[in-house]
Amino acid sequence: VWLSGLFNPMAYLTGVTQVTSRATGEPLDKMTQQTFVTTYKDPSAIPANAQFPENGAYIHGLFIEGARWPSLDEIEEVENIGGAPVGGT
């Protein structure tokens, strides 16, 4: 599902939670959502023999503002970024 293209993406995530609650018999107020990030850059790159979540969905089209996600060849690189001092009264 292209989550960024939905008019109300929170409604889709709520719907997935409700369907999972009904399917498993668990109370809706005890349900949680987990996010796992894959290295697939395009939905067509998912191999045919990929294991899909038992309860849940793959989504794509998310954006990170003011940052970027490292690619596989950059994961081993360590980059130390100094923080700015916090001021206040």
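Remember, it's a predicted structure, so these values are computed and weren't measured experimentally.

### Considering helix H1 (residues 9–24)
Compared with the 22 Å implied by 1.5 Å per residue over 16 residues, the 23 Å span of H1 between its first and last C-alpha is a close match. Those residues of H1 that sit buried are Thr-17, Thr-20 and Ser-21. Projected down its long axis, H1 carries its buried residues within an arc of 105 degrees, all on one side. Opposite the buried face of H1, at more than 90 degrees from it, the exposed residues are Val-19, Arg-22 and Ala-23. Gly-25 occupies a position one or two residues after H1 and carries a positive phi of about 80 degrees.

### Some thoughts on the side chain of Ser-21
Along the chain, Ser-21 falls in helix H1. Note on Ser-21: relative accessible area 9%, which makes it buried. Of the polar contacts made by the side chain of Ser-21, one reaches the backbone oxygen of Glu-26; its length is 2.6 Å. There is a polar contact of 3.5 Å between the side chain of Ser-21 and the backbone nitrogen of Leu-28. Apart from the residues lying within four places of it in its own chain, the contact partners of Ser-21 are Glu-26, Pro-27, Leu-28 and Met-31.

What counts, and at which threshold
Residues numbered from 1 in each chain as written. Predicted model: local features only at pLDDT ≥ 70, side-chain atom pairs only at ≥ 80, totals over all residues. Heavy atoms only, no water. Helix = DSSP H or I, 4+ residues; strand = E, 2+ residues; numbered from the N terminus. Expected span 1.5 Å × (residues − 1). Buried < 20%, exposed > 50% of the residue type's maximum accessible area, 1.4 Å probe, protein only. Arc of directions from axis to C-beta. Polar contact = N/O pair within 3.5 Å; in protein donor to acceptor, adjacent residues only side chain to side chain. Contact = heavy atoms within 4.5 Å.

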